[in-house]
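# Descriptive structure summary
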Amino acid sequence: MSYSGKIFVIATPIGNLGDITLRALETLKNVDFILCEDTRTSGNLLRHYEISKELISLNAKNERGKIDWITGRIEKGESGALISDAGTPCISDPGIRLINSLIKNGIDIIGIPGANAALLALSINGLPTDSFLFEGFLPQKKGRQKKLKELAEEKRTLVLYESVHRIEKLLNEISEYMPDRTIVVNRELTKKFEESWRGTASEIIEQLPGKTIKGEFVVVISPIDWRE
Ligand code: SAM
């Protein structure tokens, strides 16, 4: 396998360090540099697998400014990997601007698949998967209510990402805009304290412990007319 002049887009674990493929590890060992969101987070993963590499931070703020420099290095024959803090790069994570620009410059992009929180949730929640809409994070403020109204009309299964700061808010909003839907709240997938709740949003709000719930969440919402 020739690595020279290519970028490898590599999925990393979403919590459980064991969820990385042999091919991902082999490639991370062989590229010249690794682009990552947070050098400390990725440094921990790479140390765990005894991989020592040049780490370059690539995030929403600096991505645009680094594209030409990265392109130049690849055009000189170096090879790079793009990873994110968790899961599949470019899915609710930085990198798509870079990838788009590299494609325009004729550079080969090689994907190495692996963990993704949305697809994992869909695969274990038992809601229809023949067709679904991945919305990722809803807008935090402006446009959030409008988006929720639009989604309430959507006929496909919906997949949302939410952070610990807004999960209770999101459940309250779903109970208001989509009161009859079966939803599954997936918390801390693949991690030690993985758990899920199933029911309508208001049933789940009642089940939740009184204290604030912590962690990372994927919320899957059944299609409009779907019944268990
Ligand atoms: N690129 C990642 C992927 O492939 O899934 C997603 C990155 S996005 C910045 C982070 C969000 O993904 C979290 O706020 C949460 O909604 C979801 N997520 C990531 N890991 C998760 C996990 N282990 N359990 C539940 N949700 C997770």
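This is a predicted model, so every value here is computed, not measured. (Residues numbered from 1 in each chain as written. Predicted model: local features only at pLDDT ≥ 70, side-chain atom pairs only at ≥ 80, totals over all residues. Heavy atoms only, no water.)

The next point concerns the pattern of salt bridges. Side chains bearing opposite charge may pair, as long as their charged atoms lie close to each other. Overall, the coordinates contain 14 salt bridges when judged by the stated rule. Among the salt bridges present, the one from R73 reaches E54, with a minimum N-O distance of 2.8 Å. Of this pair, R73 sits in helix α3 (residues 63–75) while E54 sits in strand β3 (residues 54–57), placing them 19 residues apart in sequence. According to the relative accessible area criterion, R73 is buried, its value standing at 13%. Through salt bridges with shared partners, a single network forms among R144, E162, R166, K169 and E173. (Salt bridge = Lys/Arg side-chain N within 4 Å of Asp/Glu carboxyl O. Helix = DSSP H or I, 4+ residues; strand = E, 2+ residues; numbered from the N terminus. Buried < 20%, exposed > 50% of the residue type's maximum accessible area, 1.4 Å probe, protein only.)

On to the nonpolar core. Among the nonpolar cores identified, the biggest contains 23 residues, and I174, M178, I183, V185, V219 and I221 are the most heavily contacted of them. Contributing elements (two or more residues each) for this core: α6 (144–152), β7 (157–162), α7 (167–177), β8 (183–187), α8 (201–207) and β10 (217–221). Ranked by residues supplied to this core, first place goes to α7 with 5 residues. If you look at the next biggest cluster of nonpolar residues, it comprises 16 residues, including F8, I10, L46 and I51. (Core = buried A, V, L, I, M, F, W, Y, C linked by side-chain atoms within 4.5 Å.)

What follows is about the packing of aromatic side chains. Tallied over the entire structure, the rule returns 3 aromatic pairs. A ring pair is formed by Y3 and F8, whose centres lie 5.4 Å apart and whose planes are at 50 degrees; its orientation type is tilted. For Y3, a relative accessible area of 16% corresponds to the buried category. Overall, F8 belongs to the buried group, its relative accessible area being 1%. For the ring pair F137 and Y161, a centre distance of 5.8 Å and an interplane angle of 65 degrees mean the geometry is edge-to-face. (Phe/Tyr/Trp six-rings, centres within 6.5 Å; stacked < 30°, edge-to-face > 60°.)

This next bit is on a nonpolar patch on the surface. On the surface, a nonpolar cluster with roughly 320 Å² of combined accessible area is contributed by I91, L119, F132 and F134. Within the secondary structure, F132 is located in strand β6 (residues 132–137). The class for F132 is partly exposed, based on a relative accessible area of 33%. (Patch = residues over 30% accessible without salt bridge, like charges linked within 9 Å, V, L, I, M, F, W, Y side chains within 5 Å. Areas by Shrake-Rupley, 256 points an atom, 1.4 Å probe, with all protein chains shown as cover.)

Right, let's get into helix α4 (residues 96–104). For α4, the complete set of buried residues consists of L98, I99, S101 and L102. All buried residues of α4 lie within an arc of 165 degrees about the axis, which places them on one face of the element. Away from its buried face by more than 90 degrees, α4 exposes I96, I103 and K104. Each element contacted by the buried residues of α4 is listed here: β1 (6–10), β2 (33–36), α3, β4 (80–82) and β5 (108–112). One or two residues past the end of α4 sits G106, with phi positive at roughly 75 degrees. (Arc of directions from axis to C-beta. Contact = heavy atoms within 4.5 Å.)

Bringing the sheet that holds β5 into the picture now. Spatially, 5 strands are ordered β3-β2-β4-β1-β5 in an open sheet, and the strand pairing comes out parallel. The open sheet has two edge strands, β3 and β5, and neither has a second partner. Here the average twist between neighbouring strands, direction ignored, is 25 degrees. For β1 and β4, the ladder comprises 3 bridges, and the chain directions are parallel. The residue of β4 that forms the bridge with F8 is A81. (Pairing = 2+ DSSP bridges. Axes fitted to C-alpha atoms, helices over the stretch in contact; angles between N-to-C directions.)

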